[in-house]
Structures are given as C-alpha cells and as structure tokens.
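Per-entry structural report
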There are 4 protein chains.
Amino acid sequence: MEGAHPSILEKISRINFEKNPGYGDDPYSAAAADKIRAACGCPDADVTFLVGGTQTNDTIIDALLQSYQGVISPETGHINCHEAGAIEHSGHKVLGIGHRQGKISAEELENYLSVFYSDANHDHMIQPGMVYISHPTEYGTLYKKSELEQIHSICKKYGIALFLDGARLGYGLMAEGTDVTLRDIARLTDVFYIGGTKVGALFGEAVVFTGISMPRHMLTIKKQHGGLLAKGFLLGAQFDVLFTDDLYFKISENAIKCAMQLKKLFISKGYRLFIDSSTNQQFIIMPDAKLKELEGKVTYSFWEKYDAHNTVVRFATSWATTPEYVQSLEQYL
Amino acid sequence: MEGAHPSILEKISRINFEKNPGYGDDPYSAAAADKIRAACGCPDADVTFLVGGTQTNDTIIDALLQSYQGVISPETGHINCHEAGAIEHSGHKVLGIGHRQGKISAEELENYLSVFYSDANHDHMIQPGMVYISHPTEYGTLYKKSELEQIHSICKKYGIALFLDGARLGYGLMAEGTDVTLRDIARLTDVFYIGGTKVGALFGEAVVFTGISMPRHMLTIKKQHGGLLAKGFLLGAQFDVLFTDDLYFKISENAIKCAMQLKKLFISKGYRLFIDSSTNQQFIIMPDAKLKELEGKVTYSFWEKYDAHNTVVRFATSWATTPEYVQSLEQYL
Amino acid sequence: MEGAHPSILEKISRINFEKNPGYGDDPYSAAAADKIRAACGCPDADVTFLVGGTQTNDTIIDALLQSYQGVISPETGHINCHEAGAIEHSGHKVLGIGHRQGKISAEELENYLSVFYSDANHDHMIQPGMVYISHPTEYGTLYKKSELEQIHSICKKYGIALFLDGARLGYGLMAEGTDVTLRDIARLTDVFYIGGTKVGALFGEAVVFTGISMPRHMLTIKKQHGGLLAKGFLLGAQFDVLFTDDLYFKISENAIKCAMQLKKLFISKGYRLFIDSSTNQQFIIMPDAKLKELEGKVTYSFWEKYDAHNTVVRFATSWATTPEYVQSLEQYL
Amino acid sequence: MEGAHPSILEKISRINFEKNPGYGDDPYSAAAADKIRAACGCPDADVTFLVGGTQTNDTIIDALLQSYQGVISPETGHINCHEAGAIEHSGHKVLGIGHRQGKISAEELENYLSVFYSDANHDHMIQPGMVYISHPTEYGTLYKKSELEQIHSICKKYGIALFLDGARLGYGLMAEGTDVTLRDIARLTDVFYIGGTKVGALFGEAVVFTGISMPRHMLTIKKQHGGLLAKGFLLGAQFDVLFTDDLYFKISENAIKCAMQLKKLFISKGYRLFIDSSTNQQFIIMPDAKLKELEGKVTYSFWEKYDAHNTVVRFATSWATTPEYVQSLEQYL
C-alpha cells in the first residue's frame, strides 16, 4: 500500500519547523475538528483523533462501556475477528450475533436484546452496552439508510450506544447507489470514526461523538491505551487537509471508480463474484490453478476457501489506484 | 438448594478447634489430594482447590493461557454465557464454536483449528490456546468415551490443552449408560475439575492436572484472582470426606436415580422432553398455561422459550433429593 | 487457625436441609443485612457479602473506580503489598503514599491530592478516585476518631470515596482506648467491610455502603470477579449469627483480652515491642537465637528483620484464643 | 515541538507511491533493523518498531512478564508516573523503589530483591519479573557504565530481565562526559529501545532485544495493544534514515550543544540549577515572580514547586534547536 495523498505530505513538510504543542492541543487539530463538525452537520460534536483502527475501537469501546458490559458485533466484525483480542485485553466481551455479508439486521439485534432481558439469569451474563457495526463492512457491503434508522431505533429503545467503525468510510459514502451520507451517519449513530489510514492519510482516525458526549478524561484514556500521539498535530494536519475542498470525498470516489472498473474486468473475463460489492473491496472466486499461475505477478489478499478447487480472493482499490494500474491486470486474467 | 452432606458438616465441626495452617497447606488438603489422585489413577497429578466454578474456570484458564491466546468453547459453554465475562475480565477471548446440545465434535474442532492455521491473517487473530468442554454439559448431555478420545487427539495434534469443567462431574460419571469413568476423564484431558459445590459440598472445586503440570506460583495466581481461601482446610476437609468410601459417587448416584424417576413422571403425564438427558438436569417442554398454574407451588429454572405457547424449564435433582420429594410433584402435573 | 464460632456451625447445620435460593437471595442474607444496618445506625445502607478479603478489596475497588482512576493507599496497605496484584489485575493502579505504622494522615493525603491537581501534566497520570485505609491497619494500629474525621473531610473536599478495609474490624472496635465505634466507621467512610473470616466466621466479609450507594449490577460484578458464592445463604447465616446478641463484639473482646495478656507476658520477660499495639496483633522484637530455640515449639509469623541479630515476629490472638493457651507460652520465653 | 528531520520527510515523500507490504513486513523495516543491529554490535538482536513511548513500555512489559509478575521501577519512572496507568491496564503492578535524581542503585535493587525472597509471605506478593530504568532518566541524569554493569549483574543473579527505556537515548549517548555507548547499552540490558519520537522522527521507537529473544507472536501482541501500525514501512523508513551516516548521533549532539549553551546562559544570569544535567533537559529554579514576567514570551514545562516562592521549570532542546534560538532567550532572563 502507498503512503499518503501528496497534499498531506506537503502540509506536513510545510509546518515541520513550527513549534506546535503536543498531544493534540494544536491549531491544526482544532481546525480539522471544525471542518469535520461542519461536514457532519453537527456543530456540537466532540472530535478526537487516534492513530489506527484497532486502537480506536479498543479505546472508544473501553471508554464507553462499564466493566460488566460487552459490545454486540456481527460475528464477522473486525473487533471480533481481526484485532488480536484487543477488546478482551481491555476486559470486555464481544457478543457476536448473526450477520448477512457482514451486516446485522435490526430484527436480529432486537431479538438478541429481548432474549437477553427476558432471560431470568441475565444477571449472570455480560450486559450488552453498545452495538458495533462497520460501514462499509469487512465484506465491502453497505447499510441502507432505512437499515441504519431501524438499528438506531432499536439502540435508542434499549438505551445502548451505536458505534460505527468507519475505517473505510469514504469508500462507503462514495459508493454507487448508496443512500447514506456523512450527515446520516452522524445523525444515526452515537459515535463513529472517519478512517484516514485507508483513505489518503499516512495514519489516523477521526472519532466523532454525535449522539453522546465524549467521555471525560479522554486524553488520559487514550494515553492508558497507548494511543496518545506525542505529535498530535500530525493527526490534525492530515484531517485538516482531507476535509479541505472535499479531498476526502474526491479521493474516495477515485477508489470506487477503479473498483467498478476492476469488477467489470473480472466479470468480462468470466470470473464469478463472491459478493457483489459496490465499494473498494472486490471479492472474486478464482480457481486455485489460476491463482498458482498468478504467483509472482499479481498480489491479492486470501479471503477464504470457496470449495476444494476455488478460493475467494480480495482485491482492494484506494485513493492511490489509477485506471492504468487496474487495466494492467487484464493481461494476467 | 441445600447445604452439604451431613458427614461434611460433621467433619468440619470435628476439626473446628484444631489450629490448622492457612491457604491450603494443611493435612486435610493433602489427604484429599491423595485420595483424588488415587481415584483418578494418576499418582503424579497436581491437585489444587478453589471455592466456586466461575472462579475456577477464570483462574485455570488465565493461568494456562498466554496473553495472546483464547479458549475454544462450545457457544453454549458456561464460560461463554453465564460467567459475567470473567474470562474476558482476565483478558482472554472465548472462541465460541458450534455445538449439539452443549457438546462440540472433534470434526468441528479440527475444522476450526485448521481454518485458523490456514488463514494467512491469523497473526491478527487470537490464537486458540485451550479447549474448554463441560461434562455433563449445560444441557445435561454427556460425551462418549470415543468422543473424548477424538477431541483429546485433536488437541494433542495441535498442541493445545484440553480443560474439562466438571462442576457436575459426579452426576455425569454415575449417569445411566455412560461409558466414561473418572480415570477416563483423567487420561483424556490435561486438566479438569471435580465439582463439589453442586455435589455434596458447601462449596469447593478440586482441580486436577493430569496431562500437564500445574503452573508454577499457583498460590499467587489464585490470590490474584480473589480465589485463595484463607481457611483452605475447609476445602481439603470437604473433599477428604467426599473421596472417602466413595461418598462422592454414592451421592451422585442418588441424584441420578431421582432424576430418572422425575423424567418418567413427566413422560407418564404426557410432557415432552426438550432433551433426553441421562443426568441430574431434566429439560421439560411445558405449556405456559400449566406453568402459570404451578406458580407458588413448584419452583423450576426458566431455560428458554420453546415457542409462542410453551417454555423449556429445567428441574435438577441433587445428592439431597429424595424419592418422596420427587413423588410429591405428581399432584401438580 | 481455627474454623468458626460454634454457634455458626450450629446454625449452618440447622438450616442444612432447607431449600434456600442461591446467590444471596435468601432470608438469612436479608436478616443479616438488617442487623448490620441496625448496628451501623444506617437504615438505608446497602449491604452485600463476599467470601474473602482480597476478593472484597478487588471487587469493590473495581466496581467503584473508572478505568482511568486509581486508589490511594498507605504504602503498607494490604492491597499494595499482600494481594498478589489483584487490584492491578483488574486494571487499577495503587497509588502508595507515606504512612506511620500503617496509617496515613490527612495532611499527607491532602498534600498528595493538591500536588496532583496542581501538576500541569496530571492528565498523563492516573487520577486518584478513592482512598483505601484499613482499621486496624496491617500493623495493628488504629485511627482515632478525629483522624478519621479529617481524612473523611479531605475525601469529601476532593470528591473521592473513602473505603475502609475492616478485615479485622471487630478487633479494632473492641481495642482498649479506642474512641471509634461501628457507627463512627459507618458515618466517616463511604464504604467499608466487616471482616468475618478473621473474626469468628468460616469465611465471609460484609460490605456496607453508607456514604454512597452500592453500584448497580453488583451481582454481575461479583460473578465477574469470581466472588459470587452459589450458596450465598452460608454468608448470610454466618453474619446473621455474628450480629445476633452482639456476638461479633463479644468474641472480638476476647481476642483483645488475650492480646493484652500476651503483650504483658512478653514485656514481663524483657522483650521489646516493635509497635505498641492495642489490637489482636502483637509485634515483638526477638533475638534470632531465641527464635531458633522456639523452633518446633511455638509458631509465629515472620514480620521483618529488625537488625542483624533480631527479628520482628507477629503473634495474633483471635475469637478462639484462651487465656490458658496464652499462658502456656510462658514456659518457652 | 517540531516534526521530523528533513531527510526523514524527504524519504517518506520519495517512497510514497511505492506499494509496500503492511505491518512492518517491508524492505525499509528490514534495512533499519540491520543498521540498528550493526550500530549495537549485535548481529543476532531482534528488532521491532512501535509508534510511541507509552505504547512501547506497555507492550514490551506485558509481552515479557507472566501474569503474577510486576516490574521494578524507580518511583519517578515514566511507567510509574506519567503513563496513565497503561502498565496496570495490562494487569501488571509497577513496583516502585527509591531513586536518586531518577536513577536506581544496584544496592537498592539488590536489597529489594533479597528482602522479597527472604519474606516468608512472598507468595502473596507480586513477584518482580523485570527491572525498568530509563537513560537518560526523567531528570535528565545518566547512568555510568559501572552502574549499569552492577545493575545488570544483579538482574542476572536474580534471573530477571533488564529493560531500558531509551525514549531520549540519543541525548544520553551524546552527553558530555558519559562513558556509556550504544554498544554498552546493548550489552548491559536484555531489551531496550531507541527513541525516535523525541530524536528526529515524526514518531517511532525501535525495540532491540539483545540479552533475550523477542517473544513469539510479537505481531499479535502489538496488535492486541493497539500498537501495530498498518503502514509499518513509515517506521522502518524513518529509522533507516536515522541510522544512515550516523544521523541519529549527529542530531542528538546538536541538542546537547544547545543544552550546554542554555545551561551556561542560565548560570550566567544567576539562576540556580535544580539538577546539573548533561543531557538535553535542563531544570532551572526560577522565582515565581520571574515566571510571571515570562508569560506570553517564553514557554517551558512546569516541573515541580521548589518552595513557596520558587518553581523548578524544565527547558528541553532537541535535534531541531538552533544556537540562535537559545540565544534569543537571553533578552528575557
């Protein structure tokens, strides 16, 4: 993967010799927060920055849950599968529920909560204190606005927070056919984050508290979780650039265009899609023999075995992908 | 529920004014450990005592796992559902896998492990470091000897410990038709515990390390988990009595006889079994209207809703149940 | 050490075959709580029971602190020295401050708190969220009422809870010359516990919330910490007996009388006191040569080396000690 | 504070569009590790990179300690005071011992260890499993080679690891009069880290295992602690630059020269030193009235109150400080 959008590097170089206060108490962080609040249509939102996705999930979940509470997540959720037990390391159980291509449904969520509270033994069980979803999901799928509204409504009914992992948020917001905007996300969740690491930044995630306030002592909590960056202005400066002149959205759109080009290319070559994804991640079913042929020529992510002779592999585009680069894949397919 | 078998209370009263050393370093604990080793056919086993089931599961699992390891458990396992997140409080993830009436199969276990190790991203995931099963399970079901052999063999193949929760072990060993003995348990697991709390003691669980050694500094680890009983001789004395003249087995047998009587009673009255259990827990499907009728007359445990008009309820017998007591239920059914 | 006061064993035997609900939801626990509330003069206090001291300290501290908070303790506090890191296992830092024979002073406490809040970097530090003291202390010393009032007042000023570890509380309340009563303890702390394990019970500590409410979901929190006793009525029954007819105070008084007899005996034989303790623990400076002589005849607790040729040893009396037993020591001194 | 040495920014810009593997499995990380091994004279050392100091301390300490072990630290150690309880959040106790201007002595260390092991109750206590020191210390002081040799020797004798926090290591190595080289550090500790955040990098710490091997599954452990940087090549590239042509040492030397200039300036103006530091941190005793005068003109770090009318303040130079900048301070003093 590449580094960062060139305008971010330019900004960092430009301010390199300024003497900025540490730990996020700098003008760039303040400016970035302002621009994010404006983009979200939430003038009162609290905004804070962290370095990476797992760190953000761990820190926010631990900051918001009581010790006897856990977080509901689709079984395929990143926090449940691919974060090396960071949530449990902070003492919280991830309560996995069923999913469809990475998405949970309001029905399944309500069912889980109503079974929990009707269970006479629920005092012996971890209490659900938060719902975690990702958008796009780990499978590249997206919630519809109506689905988010329903999930949000169930969370309100049961008095638990809805947390949205937006590590790839830009690619979801710019996907073809989505009816979900950043303002919808801000309105329909209690806290979410705007991923920078995968969308143009060197690193960084911007956490936005809309439905609830940021917990007090967030700086202390971040430090305790090893997530307080000394030169916090590096985070602020990056998001300041990303949220100037819609850069975040424009570079996300580039990834989507390249992903659609990629999808068409695979389909035109007769490959089957494992999931028909409208975001930057494409999941293709490929014969193992073909994969062998590609060795040393093309890199991809292993996703899972499809059957005895086929494998699901993942190709992801990004802000940095070019149409020429996608096209260059054709010769090998 | 009742207190303890009378011979246990007699023993405690008899030794009440002796000045015994604290923290388990007393002759009764030593004698109990010897008798348990003999009953298990494992002269070299390490034996240690704890107060309750959740405490035991938490302490043993945390003592044996590395920080980056989790414990595989059937999704219905006690550690996964009814221990208020004690395992996660100690930092470990419970890795739930599919079950059939509370039991896991060697096939499913091997599948989980082989998928884990063939996943190119498994360094981002919690590593399975132990397998947890219960016998009897939370559903009153039992493993066959051949099933334990297969599970044990998969654990050996992958180099992970097999831990058996025997909170109700006596009731499993004395169940009708079981081919699993205490010696089999000792041979086919790495560590297990013999439940006292539910089988005749005031409280107490005896942990037996057979396939692996007890971790060093076990006393410190127990203290850290709040499980070091100051008057440890109370644990030793109770297990000393339970493992003298086969008392543990005799009182377990009583529970089984009463449970079979209970099962027949329900069947004779036309009730359906939710699970055909051969142990002390019986799961009956009862019309909600009937349950309403029983209010104030009969107590039972809510298990789960069966359908819109029926509920699964649990009746459990114990070392203290009498045939007359079971019979007295008939008038209400 | 001995088991329990005979009237406790009688009570447990008497109710042994009753079918009591589990987990503390039984009439004996309710009755014990009522009697404790009456003895404390706090009709609205919340009362809950746990099995042992370390478990109680860990559970209460973790239940009351936020994740970014720690607990101030004298450096010699039990939680700081002799609980195998149980507090840290639950994620909290123990903030040790200076002491005088196990006691902290209001001055030192206020100094700590004012330095903390005047430190411009205190967001990078663990915030003090509670003060832990023990009474009697680990050195057998006692707070005066005026000292407790001052400490309580500092805690109020800074808005942090005062938690008193009363593992040996009876021996403090019945000490010669003390001006602190149980009602004072209840009035001058936010939460404290009445030790049963060391004062007549087989095991058990009664936690009393007076200045603050018991946290919600206490049963879940206890279970998570491995401290929820299945047969909770055993705890209730014991404290029911201890708080009937002032038994708790009477048996504590016995220990004090024997301790004073013991102290006089040592003084009369020319030994020096390490601390002039008015409670059940006596700390004697003994020549190493003498200790060698006592081997196999007298048992004592090693406390610490006094100098190259002398050692401080601890002798403790209890509810079960008799004057004859103390007297029998004379022949060896 | 400033960003990074310009040659680091150039490097990051130069490689920005390369498609590097994530999570540290890239050629720049490999090259940086090789250069660090060479600089340490340890061809077999394991090297790994993390983002910040607290994160590094937490991750390494948790990776190396057993659950029942704690880490000995000077009471003023960064892990004990200014890391918001990150070590305790991972479950480990920090065992504070006495210090002299931030340094521990071999005598005090050996005393602590011998008292611990001679205490008959040490099974109830957290076992010391590691010694943490920093060089330079939080007070800007340095160990002499002979002091490190003695501390190292005590650690060897007791079989515990010696971990050196080198967040400011370059400034220690280039200090006037020090007899400790990077090779000495590598030889006399088991694991240490070379600070990048404070010494020329945007962020990053390079952990070097010399006396012991890196724990297995380090990537998983890093991820669990929220410290696995997705674009790990950013860490590699920065240390690759810092360890090319001795850049790390040259820029550290600049900080020292400016610090000595600063010290002379203060002395020449009649100020007293709180500590006579030979490293980049200078601690000056300043009248509160003077500090008031400086408001809005000069920034400094509050260190501690010296007395009723004077305050200790800290001035720190860095790789980016210029002699002109130091000189510009004169007008205000």
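On a predicted model such as this, the values are computed, not experimentally measured, just so you know.

Right, let's talk about unusual backbone geometry for a bit. Residue and element names in this part refer to chain A. For the peptide bond that leads from His 135 to Pro 136, omega is -5°, which places it in the cis range. Look at Asp 246: it is not a glycine, yet its phi comes out positive at around 60°. By secondary structure assignment, the location of Asp 246 is in the loop between helix H11 (233–242) and helix H12 (247–268). For Asp 246, a relative accessible area of 46% gives the class partly exposed.

Further remarks concern helix H6 (residues 106–118) of chain D. The end-to-end C-alpha distance of H6(D), which contains 13 residues, comes to 18 Å, matching closely the 18 Å that a straight helix rising 1.5 Å per residue would cover. On its buried face, H6(D) is in contact with strand S2 (69–74), strand S3 (94–97), strand S4 (127–134) and helix H7 (145–158) of chain D.

The two copies are related by a screw operation: chain A maps onto chain D through 180° of rotation and 0.0 Å of translation along the axis, at an RMSD of 0.0 Å. On the angle and the small slide along the axis, the relation comes out as a two-fold axis. Interface overlap between copies: 100% of the residues of chain A at the interface are likewise at the interface in chain D, consistent with a symmetric, same-surface contact.

Quick look at the interface of chain B and chain A now. The interface is formed by 22 residues belonging to chain B together with 22 residues belonging to chain A. Summed over the shared surface of chain B and chain A, the result is two salt bridges. As a salt-bridge pair, Glu88(A) and Lys93(B) come within 2.5 Å of each other at their nearest N and O atoms. Taken together, chain B and chain A are joined by eight residue pairs in polar contact (both at pLDDT 80 or more). At the level of secondary structure, the elements contributing two or more residues to the side of chain B that touches chain A comprise helix H4 (78–81) and helix H5 (86–89) of chain B. Per-element tally for the side of chain B that touches chain A: the top contributor is H4(B), with three residues. Residue composition of the side of chain B that touches chain A, grouped by class: eight nonpolar, nine polar and five charged.

Let's shift gears to the sheet that holds strand S9 (residues 281–287) of chain C. Residues and elements named next belong to chain C. Reading across the sheet, the four strands line up as S8-S9-S11-S10 and stay open at both edges, with antiparallel pairing between neighbours. With one partner strand each, in any of the chains shown, strand S8 (272–275) and strand S10 (301–305) form the two edges of the open sheet. The sheet shows a mean angle of 40° between the axes of neighbouring strands, taken without regard to direction. Relative to strand S11 (residues 310–316), S9 runs antiparallel, the two sharing seven bridges. Paired with Pro 287 across the strands is Asn 310, a residue of S11. Its contacts with the sheet put helix H12 (residues 247–268) on S8, S9 and S11, and the angle it makes with S9 is roughly 20°.

Definitions and limits used
Residues numbered from 1 in each chain as written. Chains lettered and ligands numbered in written order. Predicted model: local features only at pLDDT ≥ 70, side-chain atom pairs only at ≥ 80, totals over all residues. Heavy atoms only, no water. Helix = DSSP H or I, 4+ residues; strand = E, 2+ residues; numbered from the N terminus. Buried < 20%, exposed > 50% of the residue type's maximum accessible area, 1.4 Å probe, protein only. Expected span 1.5 Å × (residues − 1). Contact = heavy atoms within 4.5 Å. Least-squares fit on C-alpha atoms with pLDDT ≥ 70 in both. Salt bridge = Lys/Arg side-chain N within 4 Å of Asp/Glu carboxyl O. Polar contact = N/O pair within 3.5 Å; in protein donor to acceptor, adjacent residues only side chain to side chain. Nonpolar A, V, L, I, M, F, W, Y, C, P; charged D, E, K, R; others polar. Pairing = 2+ DSSP bridges. Axes fitted to C-alpha atoms, helices over the stretch in contact; angles between N-to-C directions.

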